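Listed below, chain by chain, are the residues.
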Amino acid sequence: GNVCRRWLKGCPILFAPRIPPRAHELACCKTRLGAMKKARAMLDSLMGPSRDQALTERSGEEFREANVCKHYLVGYCPDTVLGKKLAACRAEFDRPSIVNPGCTKLHSVALRTEYQQHKDFAKFQREYEESLLKYLESIVREADGKAMYEKRKRDDMDITWEFHEKLCDLCGMKYKLEKKDGMLGSGLGQDCYKDDLHEETELHGLFLKMRSRCNEMKEKDRSRREQDKEAPGQDDGERKAGGRRSRSRGKESVDSGRKRKDKKAKEKEKESSKRRSKSRHKDSTRRSGSRKKK
């Protein structure tokens, strides 16, 4: 029962002929589990993690969970777009980037439609776009800081830039031109190197798109803030109304607290009066009993 039938017929997974059938069965199970996990992740990304639940059982706010990528809901996830490219271009002694090499959170089309159809869509959109804007600004500052650091280091150490040493101010990448075929050694002239094609690379194009997206979101955020300043009357009225409500609630709470204290004091007085009356009644009964005995 523990023999893999695929191993008897010739499994597509190549193993040495001396491996026992039990070990081969375990390897087949691992591959099947890996395939099942990939299929489950694909279904989650397409239909959402609550695909097995009925529509009446869903809350309609699954996109607010912590394991859901809010940047993907807005429409741009830097970790997915730039993360792996930056990790591949990173040198041995470079500082680690703030961009993660791939997003570990859930990217779901169904959750994005749920987010877009939510009744408070504008509220969540502004919140998520502001967080994305802060993240993009930090990425831009990191790229600008790398370029400035490299230039300052060269100036402080009086190191001149060779012809084949290049620095991109847009993405902050330092790179070298490749030599032509058959050209060996150092100290070669300009004709011995290939043309600079860094601007045609995929990473440079991704940084261009990221910077343009950051500028668009800055303008959108600026226009939102201007609209908030132009129409402050409604907000001020709401704040004043809220302040009045809070004051009235505070007064009501104080009055209710006083009333409770008065009630407690009255109840204590009643209990003490009852105790006194009981003690007086006991004393009177004792006295009358003693007189009868006499």
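To be clear, the structure that these remarks concern was listed above.
Draft legend 1. Spotlight on the nonpolar core. The biggest cluster of nonpolar side chains holds 32 residues, and the ones touching the most others in it are Leu 82, Leu 136, Phe 207 and Met 210. Those elements giving two or more residues to this core turn out to be helix H3 (70-74), helix H4 (78-89), helix H5 (109-116), helix H6 (121-157) and helix H7 (202-230). A per-element tally of this core places H6 first, with nine residues. Sequence-distant contacts of Met 210, that is, excluding residues within four places in its chain, are made with Tyr 76, Leu 82, Leu 136, Ile 139 and Val 140.

Draft legend 2. Seen up close, a positive patch on the surface. Residues Arg 258, Lys 259, Arg 260, Lys 261, Lys 263, Lys 264, Lys 266, Lys 268, Lys 270, Lys 274, Arg 275 and Lys 278 make up a contiguous surface patch of positive charge. Along the chain, the position of Lys 270 falls in helix H8 (residues 232-293). A relative accessible area of 57% places Lys 270 in the exposed class.

Draft legend 3. Expanded view of unusual backbone geometry. A positive phi angle, close to 55°, is found at Asp 158, a residue other than glycine. Structurally, Asp 158 can be placed in the loop between H6 and strand S1 (165-167). Residue Asp 158 is classed as exposed on the basis of its relative accessible area, which comes to 67%.

Draft legend 4. View of H4. With twelve residues, H4 extends 16 Å from end C-alpha to end C-alpha; this agrees with the ideal 16 Å at 1.5 Å per step. When H4 is considered as a whole, its buried residues turn out to be Pro 78, Asp 79, Leu 82, Gly 83 and Leu 86. Down the axis of H4, the buried set is contained in an arc of 120°. They therefore lie on one face. Seen from the open side of H4, the exposed residues pointing more than 90 degrees away from its buried face are Lys 84 and Ala 88. Packed against the buried residues of H4 are H3, H6 and H7.

Draft legend 5. Structural context of the state of the cysteines. All chains considered together, the criterion is met by zero disulfides. No disulfide involves Cys 77; its sulfur sits 3.7 Å from the nearest other cysteine sulfur, which is in Cys 69.

Draft legend 6. Highlighting H7. Its 29 residues give H7 an end-to-end C-alpha distance of 42 Å, which sits within 8% of 42 Å, the value for a rise of 1.5 Å per residue. Within H7 the residues assigned to the buried category are Leu 203, His 204, Leu 206, Phe 207, Met 210, Arg 211, Cys 214, Met 217, Asp 221 and Arg 224. Residues of H7 that are buried in the fold lie against H4 and H6.

Draft legend 7. Region of interest: the packing of aromatic side chains. Overall, the coordinates contain six aromatic pairs when judged by the stated rule. Their ring planes at 50° and their centres at 6.3 Å tell us that Phe 163 and Tyr 193 sit as a pair that is tilted. Here Tyr 193 lies in the loop between strand S2 (174-176) and H7 and Phe 163 lies in the loop between H6 and S1, a separation of 30 residues in the sequence. Grouping aromatic residues by their ring pairs yields a cluster made of Phe 63, Tyr 115, Phe 121, Phe 124 and Tyr 128. Looking at Arg 154, its charged tip hangs above the ring of Trp 161, at a distance of 4.2 Å from the centre. Directly above the aromatic system of Phe 163 lies the positively charged group of Lys 166, at a separation of 4.9 Å from the ring centroid.

Draft legend 8. The arrangement of a negative patch on the surface in detail. On the surface, Asp 195, Asp 196, Glu 199 and Glu 200 cluster together to form a negatively charged patch. Position of Asp 196 among the secondary structure elements: in the loop between S2 and H7. We classify Asp 196 as partly exposed; its relative accessible area is 40%.

Draft legend 9. Structural view of the pattern of salt bridges. All chains considered together, the criterion is met by 14 salt bridges. The residue Arg 154 makes a salt bridge to Glu 150 at a minimum N-O spacing of 3.6 Å. Taken together, the residues span about one helical turn, with Arg 154 and Glu 150 both in helix H6 at a distance of four residues. For the pair formed by Arg 154 and Glu 150, the shared burial category is buried. Among the ionic pairs, Arg 154 bridges to Glu 165, the shortest N-O distance being 3.0 Å. Note that Arg 154 is positioned in helix H6 and Glu 165 in strand S1, a separation of eleven residues in sequence. Glu 165 carries the same exposure label as Arg 154, and that label is buried. Through salt bridges with shared partners, a single network forms among Glu 150, Lys 153, Arg 154, Glu 165 and Lys 174.

Calculation criteria
- Residues numbered from 1 in each chain as written.
- Predicted model: local features only at pLDDT ≥ 70, side-chain atom pairs only at ≥ 80, totals over all residues.
- Heavy atoms only, no water.
- Core = buried A, V, L, I, M, F, W, Y, C linked by side-chain atoms within 4.5 Å.
- Buried < 20%, exposed > 50% of the residue type's maximum accessible area, 1.4 Å probe, protein only.
- Helix = DSSP H or I, 4+ residues; strand = E, 2+ residues; numbered from the N terminus.
- Contact = heavy atoms within 4.5 Å.
- Patch = residues over 30% accessible without salt bridge, like charges linked within 9 Å, V, L, I, M, F, W, Y side chains within 5 Å.
- Areas by Shrake-Rupley, 256 points an atom, 1.4 Å probe, with all protein chains shown as cover.
- Salt bridge = Lys/Arg side-chain N within 4 Å of Asp/Glu carboxyl O.
- Lys, Arg positive; Asp, Glu negative; His and termini not counted.
- Charge placed at Lys NZ, Arg CZ, Asp CG, Glu CD.
- Expected span 1.5 Å × (residues − 1).
- Arc of directions from axis to C-beta.
- Disulfide = S-S within 2.5 Å.
- Phe/Tyr/Trp six-rings, centres within 6.5 Å; stacked < 30°, edge-to-face > 60°.
- Lys NZ or Arg CZ within 6 Å of the ring centre and 35° of its normal.

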